[in-house]
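Summary of the model geometry
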Amino acid sequence: MPVFPRISLKPDVIEHLKSVFLNNEVLETVGLQEAECRFQNLLSCLSHPPSYTCVRASTQLVPLEEIRCQLEEELKKMCGLPPEDVSIQILTHPKISDVLLLPVDGPRPVKQLTSEVVVGAQCGSAVLRGAHVFAPGIIACPKFMKVGDVVSVFSDLEGRCTRGATSFQGNKVFVGNGVAEMDRSSIFCTDEPARGIGVRMVEPLYRSPSFDGVLPSLVFLQNLPSVVVGHVLGPRPGERILDMCAAPGGKTCHIAALMGDQGDVVALDRIRNKIDKITENAQMFHLRSIRAYCFNSIEAVSSDPAQNSEGPPFPPESFDRILLDAPCSGLGQRPNMANTWTLKEICSYQPLQRKLFHAAVQLLKKGGVLVYSTCTVTLAENEEQVAWALQTFPCLTLQPQEPHIGAEGMLGAGLSPRQLRLLQRFSPELSWDHTQTAAASPGSADSDTIGFFIAKFLKN
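Right, let's walk through the structure included here.

The rules behind the values
Counting restarts for each chain: residues are numbered from 1 in the order of the written sequence. Two thresholds apply to this predicted model, a pLDDT of at least 70 for residue-level local features and 80 or more for giving and counting side-chain atom pairs, whereas whole-chain, interface and lining totals are computed over all residues. Values shown for side chains rest on all heavy atoms present in the structure; no hydrogens or waters enter the calculation. The secondary structure listing takes helices from DSSP runs of H or I that are at least 4 residues long and strands from runs of E that are at least 2 residues long, numbered from the N terminus. Summary of the burial criterion: residues with accessible area below 20% of their type's maximum are buried, those above 50% are exposed, and those between are partly exposed, where the area comes from a 1.4 Å probe applied to protein chains only. When checking whether two residues touch, look at their non-hydrogen atoms; a contact exists if any pair is within 4.5 Å. Note on areas: Shrake-Rupley with a 1.4 Å probe; residue coverage comes only from the protein chains shown. Pairing between strands requires that DSSP locate at least two bridges from one strand to the other. Both site types are read off a 1 Å grid over the protein atoms alone. A 1.4 Å probe that fits but cannot get out defines a cavity, while an open set with protein on both sides within 12 Å along at least five of seven lines defines a pocket; lining residues have an atom within 4 Å of a point. Grid points are joined across faces, edges and corners, and a volume is the space filled by probe spheres set on the points. The nonpolar class holds Ala, Val, Leu, Ile, Met, Phe, Trp, Tyr, Cys and Pro. Asp, Glu, Lys and Arg form the charged class, and all remaining residues, Gly among them, are polar. Put simply, buried Ala, Val, Leu, Ile, Met, Phe, Trp, Tyr and Cys residues joined by side-chain atoms within 4.5 Å make one nonpolar core. Aromatic rings from Phe, Tyr and Trp, taking only the six-membered ring of Trp, are treated as a pair when their centres fall within 6.5 Å; an angle between ring planes under 30 degrees marks them as stacked, one over 60 as edge-to-face, and anything in between as tilted. In our convention, an over-ring charge means Lys NZ or Arg CZ found within 6 Å of a ring centre and within 35 degrees of that ring's normal. Axis geometry follows a simple rule: fit a line to the C-alpha atoms, using only the stretch in contact for helices, then measure angles between N-to-C directions, giving values from 0 to 180 degrees. Relative orientations are named as follows: roughly parallel for angles under 35 degrees, roughly antiparallel for angles over 145 degrees, roughly perpendicular for angles from 65 to 115 degrees, and oblique for any other angle. Should the near helix be turned anticlockwise from the far one by less than a right angle, the crossing is left-handed, and should it be turned clockwise, the crossing is right-handed.

Below, the discussion takes up the overall build of the chain. In terms of regular secondary structure, the chain is built from 14 helices and 18 strands. Residues classed as buried in the chain amount to 54% of the 460 residues present. In the chain, once contacts between residues fewer than 6 apart in sequence are set aside, the share between residues at least 24 apart is 75%. When the accessible surface of the chain is summed, it comes to about 19,900 Å², and 52% of that surface belongs to carbon and sulfur atoms.

Turning next to the environment of Lys77. Relative to the helices and strands, Lys77 resides in helix α4 (residues 64–79). Between the C-alpha atom of Lys77 and that of Gly31, which follows or precedes it by 46 residues, the distance is 52 Å.

Moving on: the sheet that holds strand β4 (residues 116–120). Overall, mixed pairing links the 6 strands, which are arranged β5-β9-β8-β7-β4-β6 in an open sheet. Of all strands in the sheet, those bounded by a partner on one side alone are β5 (133–134) and β6 (138–140). The pairing of β4 with β6 spans 2 bridges and is classified as antiparallel. The residue of β6 that forms the bridge with Val119 is Ile138.

Empty space among the atoms can be located by rolling a probe the size of a water molecule over them. Here the second largest pocket is characterised by a volume of approximately 330 Å³. Every residue lining the second largest pocket is counted, 18 residues in all, and those nearest its centre are Arg38, Glu408, Gly409, Met410 and Leu411. Sorting the residues of the lining of the second largest pocket by element identifies α2 (24–30), α3 (32–45) and α13 (417–422) as the ones contributing at least two each. The greatest single-element share of the lining of the second largest pocket, amounting to 3 residues, is contributed by α2. Here the residues of the lining of the second largest pocket are counted per class, giving 11 nonpolar, 3 polar and 4 charged.

Along strand β1 (residues 52–57), 6 of the 6 residues are buried, which leaves the element largely enclosed by surrounding structure. Relative to strand β3 (residues 99–103), β1 is paired through 5 bridges, and the arrangement is antiparallel. Paired with Tyr52 across the strands is Pro103, a residue of β3. One ladder, built from 3 bridges, connects β1 with strand β10 (residues 219–221); its direction is antiparallel. Residue pairing in the sheet places Arg56 in a bridge with Phe220 of β10.

For helix α8 (residues 250–258), the buried fraction is high: 8 of the 9 residues fall into the buried class. Among all positions of α8, only Gly250, Lys251, Thr252, Cys253, His254, Ile255, Ala256 and Ala257 are buried. With its phi angle positive at about 70 degrees, Gly260 sits one or two positions after the end of α8.

A few words on the nonpolar core. If you look at the biggest cluster of nonpolar residues, it comprises 37 residues, and the most contacted ones within it are Ile290, Val371 and Ile454. For this core, the elements supplying multiple residues, two or more each, are β1, β3, α7 (224–233), α8, β12 (264–269), α9 (272–284), β15 (364–374) and β18 (452–459). Per-element tally for this core: the top contributor is α7, with 6 residues. Discounting residues that sit within four places of it in the chain, Ile454 has contacts with Pro225, Val228, Val229, Val232, Val371, Tyr372, Ser373, Gln401, Leu423, Gln424 and Phe426. The next biggest cluster of nonpolar side chains, apart from the first, holds 35 residues, and it includes Met244, Cys245, Ala326 and Trp388.

Using the criterion set out here, one finds 11 aromatic pairs in the structure. Summarising the aromatic geometry, the rings of Trp388 and Phe393 are spaced 5.5 Å apart at their centres and angled 85 degrees between planes, so their arrangement reads as edge-to-face. In this structure, Trp388 and Phe393 share a single accessibility class: buried. Of the aromatic side chains, those joined through ring pairs into one cluster are Phe357, Tyr372, Trp388, Phe393 and Phe457. Between the NZ or CZ atom of Lys172 and the centre of the ring of Phe154, over which it lies, the distance is 4.9 Å.

On to the environment of Gln122, then. Residue position: Gln122 is located in helix α5 (residues 121–127). On the basis of relative accessible area, Gln122 is assigned to the exposed category, the value being 72%.

Attention shifts here to the packing of α7 against α8. Packed helix pairs are specified by the crossing angle of their axes together with the interaxial distance, meaning the distance between the axes. In contact at an axis separation of 9 Å, α7 and α8 are set at 40 degrees when each is read in the N-to-C sense. Between α7 and α8, the angle is such that the two are oblique. Considering only the axes of α7 and α8, their crossing is right-handed. Taken together, the residues of α8 that come into contact with α7 (itself represented by Ser226, Val227, Val229, Gly230, His231 and Leu233) are Lys251, His254, Ile255 and Leu258. Here the residues of the contact of α7 with α8 are counted per class, giving 5 nonpolar, 4 polar and 1 charged.

Per the counting criterion, the structure on display carries 1 cavity of 30 Å³ or more. As a volume, the largest cavity reaches approximately 70 Å³. What lines the largest cavity is a set of 13 residues, and nearest its centre among them are Tyr52, Cys54, Leu224, Ala445 and Thr449. For the lining of the largest cavity, the leading source of residues is β1, giving 3 residues. Considering only residue class, the lining of the largest cavity consists of 8 nonpolar, 3 polar and 2 charged.

Listed below in structure tokens is the structure:
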């Protein structure tokens, strides 16, 4: 049974999503009862964490098994376990050679305490994936809370708790127990915003390792579908590759690693401090082939075909492969207990994605590969974009994906069965009942993921 309530969404957003998942094509194929069941499963699973934590390993630097052993040693030290202890499981993925999987232990039987700390929904979601509570995420705590107090941590689902309150009786959910690392005055009564860990989680409802500072050049916490994207793009040594919306740089670094750091990886993002993060990650992983620029990818095509500068804008047909991991509504992220966005905001991404698509097709060489991906579940941002792209750009054809460990594309955008099979949609709602009633197995790592979408095109 689900531990948490369904994801909290605005009523018109729920109705919109329902119309997507119960569209005519779906109803004709699976029937009303199955379609309704899938939709309810989606709303439930989005508020819960996936059953595995996925770590991408820097196998271009060190063999996978050596990284696995080092990670196991580090996690045992963090947990105060002896070297001979076998309680920490780290599994390899049967199809993806640079992935390590750690089963998430939960939900666990944790007793709620009378002393309560309330955190924002985003902070609460981070706790469910192994994070401690950082001071900026704390909204309310007991009047006389001091360092060392044992407290229960609750997530404010609707954002209605007043910052600095001493208690909160609104819509909240329990995420675990921890020990206060700061007293109340250090959190709320300072001239500068409080920083650092406010509550160290000792009994989380879902136990998952914290990777903060653990083997920083060898492991990178990344959702499994996000790792799949890099492999589907298939970068090769010596190629010139563009990552159009690159921050924070996880996929950029993966692309460079898959190329053996031989070639040219250009990373673009509109926001300056995000570019700094990309550069920081590239240095951390000892990758020299990455060049990051603060630039709007919509404007990345030069009007001067003769332009030969290293940075943007670029002449048409400048890149062998392009990753368009597009800005999106993010409705596939897990765990996510609450989303306060309006329907207008959620539906606002399709035009932006199409502008980026136009630039991507122009910048791609003939014979080049374009991979489009999102971390959302809507048709408008996924299959409908594929249908639009195939109609708008006759030069594009869909290609098989390797690896293909997700489900096929979703019905409702008028795509053929063959086209849907070429798409890859990670749909956790399809296996939600199974993964909640059985112990996690390595096979469930492929299905119990965030919601995600991948399409691969060839430019003819």
